[in-house]
Amino acid sequence: MLRRITSVLAGVVALTACHRAPKVAMPATAPTAARALLLDPANAEFTRQAPPVSRLRFETSKGVFVLELHRDWGPLGADRLYNLARLGYFTDTRFHRVRAAYIAQWGLHGDSSVNAAWKGRYLRDDPPRSRNTRGTFAFSYEGPGRENTRNTQIYVNLADNPRNDAEPFTILGTVVEGMAVLDGLFSGYGEDAGSGVRQGKQGPLERGGNAYMDREFPKLDRITRVTIQSP
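Residues numbered from 1 in each chain as written. Predicted model: local features only at pLDDT ≥ 70, side-chain atom pairs only at ≥ 80, totals over all residues. Heavy atoms only, no water.

Structural notes on the overall build of the protein
When its secondary structure is counted, the protein shows 6 helices and 9 strands. Taking as baseline every contact in the protein between residues at least 6 positions apart, the subset at least 24 positions apart corresponds to 75%. Here the protein displays about 12,000 Å² of accessible surface, and carbon together with sulfur accounts for 55% of that area. (Helix = DSSP H or I, 4+ residues; strand = E, 2+ residues; numbered from the N terminus. Contact = heavy atoms within 4.5 Å. Areas by Shrake-Rupley, 256 points an atom, 1.4 Å probe, with all protein chains shown as cover.)

Considerations on the packing of aromatic side chains
Evaluation of the coordinates by the stated rule reveals 14 aromatic pairs. Taken together, a centroid distance of 5.5 Å and an interplanar angle of 70 degrees make the contact between F58 and W106 edge-to-face. Of the two residues, F58 sits in strand β1 (residues 53-60) while W106 sits in strand β5 (residues 103-106), which places them 48 residues apart along the sequence. Each member of the pair, F58 together with W106, is buried. (Phe/Tyr/Trp six-rings, centres within 6.5 Å; stacked < 30°, edge-to-face > 60°. Buried < 20%, exposed > 50% of the residue type's maximum accessible area, 1.4 Å probe, protein only.)

A closer look at the sheet that holds β5
Whenever strands of a sheet pair, they do so through backbone hydrogen bonds, lying parallel or antiparallel. Read from one edge to the other, the open sheet built from 9 strands follows the order β3-β9-β1-β2-β8-β6-β7-β5-β4, with strand pairing classed as antiparallel. Only two strands of the sheet have a single partner each, and these edge strands are β3 (93-94) and β4 (97-99). Across 4 bridges, strand β2 (residues 63-70) lies against strand β8 (residues 171-177) in antiparallel orientation. Pairing of E68 across the sheet is with T174, part of β8. Of the strands in this sheet, β1, β2, β6 (136-139), β7 (154-157), β8 and β9 (222-229) touch helix α3 (residues 75-86), which is tilted by about 95 degrees from β6. (Pairing = 2+ DSSP bridges. Axes fitted to C-alpha atoms, helices over the stretch in contact; angles between N-to-C directions.)

A look at the side chain of R97
Position of R97 relative to the elements: it lies in strand β4. What makes R97 buried here is its relative accessible area of 10%. Look past the residues within four positions of R97 in its chain and what remains in contact with it is Y102, I103, A104, Q105, G190, E191, S195, G196 and Q199.

Some remarks on α3
With 12 residues, α3 should reach 16 Å at 1.5 Å per residue; the first-to-last C-alpha distance of 16 Å fits that figure. Counting buried positions along α3 gives 9 out of 12 residues, so the element sits mostly inside the fold. When we look at burial in α3, the residues that qualify are G77, A78, D79, R80, L81, Y82, N83, L84 and A85. Among the residues trailing α3, G88 stands out with phi positive, at a value near 90 degrees. (Expected span 1.5 Å × (residues − 1).)

Describing helix α6 (residues 203-216)
Helix length check: α6, at 14 residues, gives a terminal C-alpha distance of 14 Å against a target of 20 Å (1.5 Å per residue), a shortfall beyond 12%. At G209, α6 shows its maximal kink, close to 120 degrees. Within the sequence span of α6, burial applies to G203, L205, E206, G209, N210, Y212 and M213. Looking at the buried residues of α6, the elements they touch are β3 and α4 (112-118). (Bend = angle between axes of the 7 residues up to and from the residue.)

Focus on the environment of K219
Here K219 lies in the loop between α6 and β9. Taking relative accessible area as the criterion, K219 reaches 55% and is therefore assigned exposed. Through-space distance from the C-alpha of K219 to that of F186 is 6.8 Å; in sequence the pair is 33 residues apart.

Remarks on the nonpolar core
One finds F58, L67, L81, F90, W106, V156 and L182 to be the most contacted residues of the largest nonpolar core, which totals 36 residues. Here this core takes 5 residues from α3, the largest share from any one element. Not counting residues within four places of it along the chain, the set of residues in contact with F90 comprises F58, L81, L84, A85, W106, G107, T152, I154, I223 and V226. Ranked by size, the runner-up nonpolar core spans 8 residues in total, among them Y189, L205, M213 and L220. (Core = buried A, V, L, I, M, F, W, Y, C linked by side-chain atoms within 4.5 Å.)

Comments concerning the confidence of the model for the protein
Overall, the predicted model of the protein reaches an average pLDDT of 89, with 87% of residues at or above 70. Every residue in residues 1-30 scores below 50 in pLDDT, and together they form 0 contacts with partners more than four places removed in sequence or on other chains. (pLDDT = per-residue confidence, 0-100.)

Dropping the structure here:
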């Protein structure tokens with residue numbers, strides 16, 4: 001009897017196996033719409049006009065700070081910064097250059113493909129508005145003789161920096177909340193974690209993205225989310 005029951009059960013298992021749905025290879029996950037947009041810097045979304053005044057709220061590993069962006073201070077730069085923030089470019093990026101009592105800088109993306117897409121996507125200069133007082137911010141550029149090279153990297157002055165006033169930076173606004181958060185960003189790497197756009201050290205960060213930065217410079221603070229607020 002036991003042998004007969006075992007035989008019947010084996011038959012049931014075999015029959016079930018024959019009728020089991022075949023395994024289907026799942027397609028690779030397609031890029032999200034957000035990532036697809038970041039890979040297309042020529043998309044018109046990146047040139048949408050910013051409001052006359054807007055506030056960009058940055059949530060970071062150290063807390064929240066808010067930038068107040070004034071379009072009339074530099075329309076081209078304001079439009080780009082507004083849209084980079086609005087479309088998620090700065091999400092999960094690192095503060096790769098922080099020098100205590102000088103500046104905090106960010107804007108290299110964590111995805112090497114996005115960095116490649118934005119390489120050389122320069123912005124024409126706005127008229128200079130270069131008064132680098134504490135709490136002001138602007139796009140960085142590649143240095144004297146390399147005008148019209150603003151791209152995606154922003155710096156905030158952590159102190160009054162009149163030594164930079166001779167250069168044609170265009171200040172776009174001020175920090176209106178969370179200056180202490182910026183003061184508290186990890187600064188131990190100084191100029192070693194990529195430095196500025198003109199020092200020639202950013203190639204490994206551009207090519208390696210967050211994987212490289214987190215491996216080589218694990219103490220860098222990061223941006224987790226950016227939202228747009230009404231003033």
